[in-house]
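So you can see what is in the structure, the chains are spelled out below.
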Amino acid sequence: MGIFDMFDDGEYLWFTSLEYNALFKMSKRTFCVDYVGSFPDEETYGNRLYTSINECNGKLYFTPCTAHEIGIYDMRNECFEKRSIGISRDDNDLQNIKYAKKFVSGYMYNNALILIPCCYDRIVIYDIITGRVSFNADLFEYFYKKYHDCTTSPDAQFYLCWFAGKLNESEIVFNLHCNKNILVFYNLKTGVFREQAIGGKGGSFSLVECDGGRVFLYEVSTDTLVRWEVESGEYSECHIADQVSEFRPCGFDYSFLNMAVLGDFIYLIPANANVAVKVNTNTLDASVSESLSGECTIPDKGVVYLNLKKVLEHKLYLLGNRSKELVVYEKDGGLQRVRINVPPNIENIMAEQFLADLIRTNHCWFSEEQIPLTRFIKALASIEIDGKTAAASCDSNIYHLMK
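A brief structural summary.

Conventions and cut-offs
- Residues numbered from 1 in each chain as written.
- Predicted model: local features only at pLDDT ≥ 70, side-chain atom pairs only at ≥ 80, totals over all residues.
- Heavy atoms only, no water.
- Helix = DSSP H or I, 4+ residues; strand = E, 2+ residues; numbered from the N terminus.
- Buried < 20%, exposed > 50% of the residue type's maximum accessible area, 1.4 Å probe, protein only.
- Contact = heavy atoms within 4.5 Å.
- Areas by Shrake-Rupley, 256 points an atom, 1.4 Å probe, with all protein chains shown as cover.
- Phe/Tyr/Trp six-rings, centres within 6.5 Å; stacked < 30°, edge-to-face > 60°.
- Lys NZ or Arg CZ within 6 Å of the ring centre and 35° of its normal.
- Pairing = 2+ DSSP bridges.
- Axes fitted to C-alpha atoms, helices over the stretch in contact; angles between N-to-C directions.
- 1 Å grid on protein atoms, 1.4 Å probe; cavity = no way out; pocket = protein on both sides within 12 Å on 5 of 7 lines; lining within 4 Å.
- Points joined across faces, edges and corners; volume = space filled by probe spheres on them.
- Core = buried A, V, L, I, M, F, W, Y, C linked by side-chain atoms within 4.5 Å.

Here's the deal with the overall build of the chain
Logical step 1: Along its length, the chain carries 8 helices and 30 strands.
Logical step 2: Looking at the chain as a whole, 54% of its 403 residues are labelled buried.
Logical step 3: A separation of at least 24 residues holds for 45% of the contacts in the chain among residues at least 6 apart in sequence.
Logical step 4: Per element, the accessible surface of the chain, about 18400 Å² overall, is 46% carbon and sulfur.

Here we look at the packing of aromatic side chains
Centre distance and the angle of the planes are the two values used to describe a pair of aromatic rings.
Logical step 1: Throughout the structure, instances matching the rule amount to 26 aromatic pairs.
Logical step 2: For the ring pair Tyr144 and Phe158, a centre distance of 5.6 Å and an interplane angle of 75° mean the geometry is edge-to-face. Highlighted residues: Tyr144 in helix H2 (residues 138–147) and Phe158 in the loop between H2 and strand E13 (165–166), separated in sequence by 14 residues.
Logical step 3: Phe158 sits in the buried class, given a relative accessible area of 6%.
Logical step 4: Taken together, Trp14, Phe39, Tyr50, Phe62, Tyr73 and Phe80 form an aromatic cluster joined through their ring pairs.
Logical step 5: One residue, Arg194, lies across the ring of Phe185, its end atom 4.0 Å from the ring centre.

Observations concerning the sheet that holds strand E15 (residues 182–187)
Logical step 1: Reading across the sheet, the 4 strands line up as E13-E14-E15-E16 and stay open at both edges, with antiparallel pairing between neighbours. Looking along the sheet, the strands with just one partner apiece sit at the ends: E13 and strand E16 (193–197).
Logical step 2: Here E13 pairs with strand E14 (residues 171–175) via 2 bridges, running antiparallel. If you follow Gly165 over to E14, its bridge partner there is Val173.
Logical step 3: Those strands touched by H2 are E14, E15 and E16, and its axis lies near 35° from that of E16.

Here we look at the sheet that holds strand E9 (residues 103–109)
Logical step 1: Here 4 strands make up an open sheet; going across it, the order is E9-E10-E11-E12 and the pairing antiparallel. Two strands in the sheet have a free side with no partner beyond their single neighbour: E9 and strand E12 (133–136). Ignoring strand direction, the axes of neighbouring strands in this sheet form an average angle of 20°.
Logical step 2: Where strand E11 (residues 123–127) and E12 come together, 4 bridges link them in antiparallel fashion. Bridge assignment links Val124 to a residue of E12, and that residue is Phe135.

Side note on the layout of surface pockets
Logical step 1: If you add up the space inside the second largest pocket, you get close to 740 Å³.
Logical step 2: Looking at the second largest pocket, it is lined by 30 residues, and the ones nearest its centre are Asp5, Tyr107, Ala164, Lys309 and Lys310.
Logical step 3: Looking at the lining of the second largest pocket, the elements that each hand over two or more residues are strand E1 (7–8), strand E5 (50–56), E9, E13, strand E17 (205–211), strand E21 (256–262) and strand E25 (305–312).

So, the nonpolar core
Logical step 1: Core analysis: the largest hydrophobic core is formed by 28 residues, its most contacted members being Met6, Met26, Tyr317 and Leu326.
Logical step 2: Secondary structure elements with two or more residues in this core: strand E2 (12–16), strand E3 (23–27), E25, strand E26 (315–320), strand E27 (325–330), helix H5 (346–360) and helix H6 (373–382).
Logical step 3: When residues in this core are grouped by element, the largest group, 7 residues, is from H5.
Logical step 4: Apart from residues no more than four positions distant in its own chain, Met6 is found in contact with Leu13, Trp14, Phe15, Met26, Ile53, Leu308, Lys310, Tyr317 and Leu326.
Logical step 5: Tyr109, Leu176, Cys178 and Leu188 belong to the second-largest nonpolar core, a separate cluster that totals 22 residues.

So, the pairing of E16
Within a regular beta strand, the side chains point alternately toward one face of the sheet and then the other, so they alternate between its two faces.
Logical step 1: Where E15 and E16 come together, 5 bridges link them in antiparallel fashion. The partner of Ile182 across the bridge, within E16, is Ala197.
Logical step 2: Following E15, the chain reverses through 5 residues before pairing antiparallel with E16; Gly191 in that reversal takes a positive phi of roughly 80°.

As structure tokens, then:
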């Protein structure tokens, strides 16, 4: 199961699944996982429904990536809520890339949830006190008009903001996924934004992270870590391959998926690189992170780690794509691997929801993009109707042909 973000309430870590519509909480003491429930009126097998998680006054707010609406969970009253972002289901075509990755980064500021567009064309501001939802298209329109022809995203779409970094209480920064050495500053309070050119014109940043008044950027074409001082404008570089002999550069095949500051180091989390790297934030000396590199040695196809990157209580939480384990790394070098065991009946729960949705909405067809056929067959095989499996209740010739 994939995880994008986590929220820590002190006793539990809360997260959603990237593969289907489900909210879970995991005990920090035992690592046991409980299924909390599913978001109403969202796709049962929606991929990457929600990304970042924010909390305010005992409620969790889930940023909609492919989901139709903002997801809300009231931890005190143990119930789900939803909030529209102003588009109908007909307009929210999940096969249209513009809406398939609406938002990734979201921030809570002054009792408002502010969603920064990824492929969507406007900022969404949800006032959690009044319930009012407002929009601002200026940010997206400005940068789309100026840089959309320069995109470096794998699907050739213009991604305004993937991961943003929080510079201070009211200001965030993010890089554009394009062949431009541009850093974007956005003020959550005023809505004012500006762009800042950093380094040479041929640069292209893929990652951003903040540490006080310093911004760290990863220049993807040359595999270079950049440190930029906001006040002084001082610019420093760390060429990873020059300092780490074991490292095999990947360039635009993306060596690293994420960056995280923990203690005096910034950790470069592998996507396709053969090692994880840590860089001293003060000296910019780089070396291999042996503990986090273990995931790279597991023979498998696909990226090394998935999107999860969360620092909680001086611990870095990652999700190994090859081991399928939660990796918990402490700044003193200690590492713990945890197998996330979801409740054994979760597949049946999802299958029941899926078939119930088909019946409720009178769907007589679906596409492979919406629901993989293999998953549908498993759903039919796992649900009982009048004492028989749904597979046995349908036309057996069709079922066995598809199987």
